[in-house]
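Notes for the structure review
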Amino acid sequence: MSKIGLSPNLKLMFRIGTMSRKPKTANPIDFPAFQEDQAAVMDRQSERVQPPKMFRVVLLNDDFTPMEFVVMVIQEYFHHDQERATRIMLQVHLEGKGVCGVYTKDVALTKVQQVVDRARESGHPLQCTMEEA
Ligand code: TYC
């Protein structure tokens, strides 16, 4: 395009590129309402990504369940080695209760059910429960 005959101002605008740029269109991101919506989305996302509640699976003491049975249960269902399982069993025996592991709700519920089922099958009154960590 020839610039001959343009006013000095128009020539200047060409030189600095003003007229060759696209006119600025409204960008939703610049509006407060949009930013508030975005903040709400972020809040909802941060609610969604919270870590799950965790639950301690706890064994309770009684006078009848054999110590060896309790150690076996702790090894089998909570995957502790024999030494650690024995320590946990002794803690329950001496202090009344002991934590075998910490799990999400579904896993903790399953462990409690499995342990109680196994104890009843074997004729022992062992109690196993869960509490929010
Ligand atoms: N107190 C039991 C006994 O003397 C042993 C025992 C330990 C029972 C832990 C339950 O969760 C328990 N035979």
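In what follows, the structure referred to is the one given above.
So, a few notes on the structure that sits alongside this text.

Calculation rules
- Residues numbered from 1 in each chain as written.
- Predicted model: local features only at pLDDT ≥ 70, side-chain atom pairs only at ≥ 80, totals over all residues.
- Heavy atoms only, no water.
- Core = buried A, V, L, I, M, F, W, Y, C linked by side-chain atoms within 4.5 Å.
- Buried < 20%, exposed > 50% of the residue type's maximum accessible area, 1.4 Å probe, protein only.
- Contact = heavy atoms within 4.5 Å.
- Helix = DSSP H or I, 4+ residues; strand = E, 2+ residues; numbered from the N terminus.
- Salt bridge = Lys/Arg side-chain N within 4 Å of Asp/Glu carboxyl O.
- Near = heavy atom within 4 Å.
- Polar contact = N/O pair within 3.5 Å; in protein donor to acceptor, adjacent residues only side chain to side chain.
- Nonpolar A, V, L, I, M, F, W, Y, C, P; charged D, E, K, R; others polar.
- Pairing = 2+ DSSP bridges.
- Axes fitted to C-alpha atoms, helices over the stretch in contact; angles between N-to-C directions.
- Expected span 1.5 Å × (residues − 1).

Examining the nonpolar core
- Val-57, Leu-59, Ile-74, Phe-78, Val-115, Leu-126 and Cys-128 are the most contacted members of the largest nonpolar core, which has 23 residues in total.
- If we ignore the near neighbours within four places in the chain, the residues touching Leu-59 are Val-70, Ile-74, Val-92, Gly-96, Lys-97, Gly-98, Cys-100, Val-115, Leu-126, Gln-127 and Cys-128.

Notes on unusual backbone geometry
- Its identity as a non-glycine residue notwithstanding, His-79 has a phi of 60°, on the positive side.
- One can find His-79 in the loop between α3 (67-78) and α4 (82-95).

Concerning the pattern of salt bridges
- One pass over the structure, following the stated rule, counts four salt bridges.
- The residue Glu-76 makes a salt bridge to Arg-118 at a minimum N-O spacing of 2.9 Å. Taken as a pair, Glu-76 in helix α3 and Arg-118 in helix α5 (residues 105-121) lie far apart in primary sequence, 42 residues in all.
- Across the pair Lys-97 and Glu-131 runs a salt bridge whose closest N-O atoms are separated by 3.2 Å. Note that Lys-97 is positioned in strand β2 (residues 97-104) and Glu-131 in strand β3 (residues 127-132), a separation of 34 residues in sequence.
- Judged by relative accessible area, Lys-97 falls into the partly exposed class, the value being 40%.
- Judged by relative accessible area, Glu-131 falls into the partly exposed class, the value being 24%.

Considering the site of the ligand
- Taken together, Leu-59, Leu-60, Asn-61, Asp-62, Thr-65, Met-67, Val-70, Met-89, Val-92, His-93 and Leu-126 are the residues near the ligand.
- Note that a nitrogen atom of the ligand is positioned 2.7 Å from one of the side-chain N or O atoms of Asn-61.
- For the shell around the ligand, the element with the highest residue contribution is α4, accounting for three residues.
- Here the residues of the shell around the ligand sort into seven nonpolar, three polar and one charged.

Some words on the environment of Gly-96
- As for its position among the elements, Gly-96 is in the loop between α4 and β2.
- Residues Gly-96 and Asn-61, 35 residues apart in the sequence, show an inter-C-alpha distance of 5.0 Å.

Observations concerning the sheet that holds β2
- Spatially, the three strands line up as an open sheet ordered β2-β1-β3, and their pairing is antiparallel. In this open sheet, the two strands that pair with only one neighbour each are β2 and β3. If you compare each strand with its neighbour and ignore which way they point, the axes differ by 30° on average.
- For strand β1 (residues 54-60) and β2, the ladder comprises seven bridges, and the chain directions are antiparallel. Of the residues in β2, the one forming a bridge with Arg-56 is Val-102.
- Across the sheet, α3 is in contact with β1 and β2; its angle to β2 comes to roughly 15°.

Details of α5
- Its 17 residues place the ends of α5 24 Å apart at the C-alpha level, agreeing with the 24 Å of an ideal helix rising 1.5 Å per residue.
- On its buried face, α5 sits against β1, α3, β2 and β3.
- Two residues or fewer after α5 comes Gly-123, characterised by a positive phi angle close to 80°.

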